[in-house]
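Residue-level structural notes
Chain by chain, the residues run as shown.
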Amino acid sequence: MATQTKDKKQAAKDVVDILEEIATLLNCNLTRHQISLCISLIENGVNPEALANVIKDLRAQYPEPELVEDEEQG
């Protein structure tokens, strides 16, 4: 039984690893944690297209603040 659990955890990690690589290639700007949350939501019945639309809407409403070079240097 412990081997099954270990195998499932490894399979889940492998899926997240692959999706993280795809997200990086597509420049999605999703963290590993965010990808895991999206997977969980989709596994629990959330429509993937609707989820993508919500993410896009949230990013439009709440853009990440851009750092000005002068502020970074201090």
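Look up: the structure comes first, before these words.
Here we summarise the structure given alongside this text. In this text the structure is predicted, and so the values were computed from the model without any measurement.

Below, the discussion takes up the packing of helix α2 (residues 32–43) against helix α3 (residues 48–61). In contact at an axis separation of 10 Å, α2 and α3 are set at 140° when each is read in the N-to-C sense. As far as their axial angle goes, α3 and α2 are oblique. Once α2 is placed against α3, the crossing between them reads as right-handed. Of α3, the residues touching α2 (which contributes Cys38, Leu41 and Ile42) are Pro48, Leu51 and Ile55.

Note on terminology: a disulfide is the covalent bond linking the sulfur atoms of two cysteines. Throughout the structure, instances matching the rule amount to zero disulfides. Of all cysteine sulfurs in the structure, the one in Cys38 sits closest to Cys28, which takes part in no disulfide; the separation is 9.6 Å. Under the relative-accessibility criterion, Cys28 is labelled partly exposed at 26%.

Take unusual backbone geometry next. Located in the positive-phi region is Asn27, a residue other than glycine, with phi close to 55°. Relative to the elements of secondary structure, Asn27 occurs in the loop between α1 (2–25) and α2. The exposure class of Asn27 is exposed, given its relative accessible area of 57%. Its identity is not glycine, yet Asn29 carries a phi of approximately 55°, on the positive side. The topology assignment puts Asn29 in the loop between α1 and α2.

Conventions we followed
Residues numbered from 1 in each chain as written. Predicted model: local features only at pLDDT ≥ 70, side-chain atom pairs only at ≥ 80, totals over all residues. Heavy atoms only, no water. Axes fitted to C-alpha atoms, helices over the stretch in contact; angles between N-to-C directions. Helix = DSSP H or I, 4+ residues; strand = E, 2+ residues; numbered from the N terminus. Parallel < 35°, antiparallel > 145°, perpendicular 65-115°, else oblique. Left-handed = near helix turned anticlockwise from the far one by under 90°. Contact = heavy atoms within 4.5 Å. Disulfide = S-S within 2.5 Å. Buried < 20%, exposed > 50% of the residue type's maximum accessible area, 1.4 Å probe, protein only.

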